[in-house]
Amino acid sequence: MSLPLEAYVSMAESLLGLELPPGAREQVAANLANLRHLAAAFEALALEDDLDPAPVYRP
Amino acid sequence: MTGSEIAARVRAGELRAVEVVEAALGRVAAENPRINAFTAVLADRAYASARGIDACVAAGADPGPLAGVPFAVKNLFDVEGVTTLAGSVIDAERPPARQDAAAVERLTAAGAVLVGCLNMDEYAYGFSTENAHYGPTRNPHDVSRIAGGSSGGSAAAVAAGLIPIALGSDTNGSIRVPASLCGVYGLKPTFGRLSRRGVRPFVHSLDHVGAFAGTVEDLALAYDAIQGPDPLDPAAAARPAEAAAPSLDDSPERLRVGLLGGWFTRYAAPETLDVLAVVAGALGADDDVELEGAEAARAAAFCLTGAEGGALHLDALRERYFDFDPAVRDRLLAGALQPAAWPAKAQRVRRWFLEKALALFERFDVLVAPATPFPAPAIGQSTVEIDGAAVPIRANLGLYTQPLSFIGLPVLAAPVAREGLPLGVQLIAAPWREKLLLQVAARLERDGVIAASRPGRTNLEDQ
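How each quantity is defined
- Residues numbered from 1 in each chain as written.
- Chains lettered and ligands numbered in written order.
- Predicted model: local features only at pLDDT ≥ 70, side-chain atom pairs only at ≥ 80, totals over all residues.
- Heavy atoms only, no water.
- Patch = residues over 30% accessible without salt bridge, like charges linked within 9 Å, V, L, I, M, F, W, Y side chains within 5 Å.
- Areas by Shrake-Rupley, 256 points an atom, 1.4 Å probe, with all protein chains shown as cover.
- Salt bridge = Lys/Arg side-chain N within 4 Å of Asp/Glu carboxyl O.
- Lys, Arg positive; Asp, Glu negative; His and termini not counted.
- Charge placed at Lys NZ, Arg CZ, Asp CG, Glu CD.
- Buried < 20%, exposed > 50% of the residue type's maximum accessible area, 1.4 Å probe, protein only.
- Contact = heavy atoms within 4.5 Å.
- Buried area = accessible area lost by both parts, 1.4 Å probe.
- Polar contact = N/O pair within 3.5 Å; in protein donor to acceptor, adjacent residues only side chain to side chain.
- Helix = DSSP H or I, 4+ residues; strand = E, 2+ residues; numbered from the N terminus.
- Nonpolar A, V, L, I, M, F, W, Y, C, P; charged D, E, K, R; others polar.
- Phe/Tyr/Trp six-rings, centres within 6.5 Å; stacked < 30°, edge-to-face > 60°.
- Lys NZ or Arg CZ within 6 Å of the ring centre and 35° of its normal.

Caption draft 1: Looking closely at a negative patch on the surface. A surface patch of negative charge is lined by Glu-48, Asp-49, Asp-50 and Asp-52 of chain A. Taking relative accessible area as the criterion, Asp-52 of chain A reaches 53% and is therefore assigned exposed.

Caption draft 2: Region of interest: the interface of chain A and chain B. In this complex, chain A contributes 30 residues to the contact, which on the side of chain B involves 30 residues. Taken over both partners, the interface formed by chain A and chain B buries close to 2,800 Å², and the fraction arising from carbon and sulfur atoms is 74%. Between the two partners, chain A and chain B, sit 0 salt bridges. Where chain A touches chain B, the interface holds 7 residue pairs in polar contact (both at pLDDT 80 or more). Residue assignment for the side of chain A that touches chain B shows that the elements contributing at least two residues are α1 (5-15) and α2 (24-43) of chain A. With 13 residues, α2 of chain A is the single largest residue contributor to the side of chain A that touches chain B. Here the side of chain A that touches chain B is composed, by residue class, of 21 nonpolar, 4 polar and 5 charged.

Caption draft 3: Broad picture of the environment of Leu-259 of chain B. Residues and elements named next belong to chain B. Its place among the elements puts Leu-259 in strand β11 (residues 257-260). Classification of Leu-259 as buried rests on a relative accessible area of 17%. Expressed as a C-alpha distance, the spacing of Leu-259 and Ala-211, which sit 48 residues apart in the sequence, is 24 Å.

Caption draft 4: Molecular detail of the pattern of salt bridges. Residue and element names in this part refer to chain B. Counting across every chain of the model gives 22 salt bridges over all chains. The salt bridge involving Glu-295 is made with Arg-266; its shortest N-O contact spans 3.7 Å. Taken together, the residues Glu-295 in helix α9 (residues 294-312) and Arg-266 in the loop between β11 and α8 (270-283) connect sequence positions 29 residues apart. When its relative accessible area of 38% is taken as the criterion, Glu-295 is described as partly exposed. With relative accessibility at 38%, the residue Arg-266 sits in the partly exposed group. Residues Arg-433 and Asp-365 are paired through a salt bridge, measuring 3.9 Å at the closest nitrogen-oxygen approach. Placement of the pair is Arg-433 in the loop between β17 (424-429) and α15 (434-446) and Asp-365 in the loop between α12 (341-360) and β13 (366-370), with a sequence separation of 68 residues. Under the relative-accessibility criterion, Arg-433 is labelled partly exposed at 37%. On the basis of relative accessibility, which here comes to 13%, the residue Asp-365 falls in the buried class.

Caption draft 5: Inspection of the packing of aromatic side chains at higher detail. All names here are of chain B. Applying the stated criterion across every chain yields a total of 4 aromatic pairs over all chains. Plain terms: the ring middles of Tyr-123 and Phe-324 are 5.8 Å apart, the flat faces sit at 50 degrees to each other, and that makes the pair tilted. One end of the pair, Tyr-123, is in the loop between β3 (113-118) and β4 (130-131); the other, Phe-324, is in the loop between α10 (314-319) and α11 (326-336), with 201 residues separating them in the sequence. An identical accessibility class is assigned to Tyr-123 and Phe-324; each is buried. Here the aromatic rings of Phe-264 and Tyr-400 are separated by 6.4 Å at their centres, their planes lie at 40 degrees, and the arrangement is tilted. With Phe-264 in the loop between β11 and α8 and Tyr-400 in the loop between α13 (393-396) and α14 (402-406), the pair connects residues that are 136 residues apart, well separated along the chain. Taking relative accessible area as the criterion, Phe-264 reaches 0% and is therefore assigned buried. The aromatic ring of Tyr-125 is capped on one face by Arg-331, whose charged end is 4.1 Å from the ring centroid. Between the NZ or CZ atom of Arg-350 and the centre of the ring of Phe-191, over which it lies, the distance is 5.6 Å.

Here it is as structure tokens:
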């Protein structure tokens, strides 16, 4: 089942206080669909829990 | 004249910096209407700097290693008294910068003369410099084609011979892609090597500063001038500068070179594979090696870019949606709306992939990969045909550059000597080994394997 991306965009839009103009939601959803496709390329990677991300914040 | 030749003559008192500036501004006036590389020309500042250098030489003082060498910067670098556009009309309403970016400051201190600011993709989010507000930058080798991006103005200005050196930034390939398409050298050093102070951010986790030049020596001189720690930049590494220019002729006798295959040749046009083979042959790279996880790394870089870039511009997206470049705004918004799990995992993939790459550097000193899958496409073109299939241009120009900047490796984009449109390769080293990359590039340049080309002449004719 595919995610209802336009509905997701609409909800997230309201959560972030955005008001997209007519037509923009479809474009954003299309870009989000591309990100979802790309995320699938690394989401399935099994990484150890103690694998720290690269950036180290040094106060 | 190259930058090093200009500096040598100015330092010797054989040429006045003011004459150099006059000639550079003349070239910009004549050629920029054709290629649209410059968004600002800073004649008053340039003449004032040049007069200072000439006075310094006349007084017998040292004017610096880049004395009188004209340079220009991508318009996301702060320049005192100039509004930093970052390719945007929103930022055009900001007040002028109060001081120069660190890299501008350091090049100026080395005697180089800033002559202007250069076009780019809006907020550095693109690979083509087809800017909706300031027009497309055109490739000097064929003005119907893109210059690449996002530092397209920087690459085009050097390729057209307007200036010997330019500064750019590289988050996902924004130095290496235009360097390849315009046939010039581009250096994206190790993440943290060069200060980003005073540079409009795009993706804090991935932004790098770097340089373009028409020769390896000029690239090394520019890089050396900018190097060194900067306590005012939280991302800058506390490493001392390691000068590269004085040892360009010291390329190691025995070099272990690996040719990246797999992901790094997928979608490559036949001419891309040809230039890769030429460089691999010259370096004795017999091993075709796979960098495991490159596809995942590229995808993770893509998601992280959208997330951080989108979050950075969220306020403006709320208030000024229609003032964004249409090619940029919806990608930023989609990035900002991603589930947090994607960019969070992307950061961890970054560490995982870095370990894979570092393991390869136990076997190899340098890795070689294409810089772009194909030569410069036409302005406005959306797909290119490879092996009978239509491949989207915008999404694929950074195919080979993104995994490498994702993990902050130093990469030198080198223009391969060939007939036809320019194409470059990436020379890749382990972190902090920029000097080795410049030595290897200098050797390839001496051997005639790589060379920047000038429009109207192939780089083979330049030998």
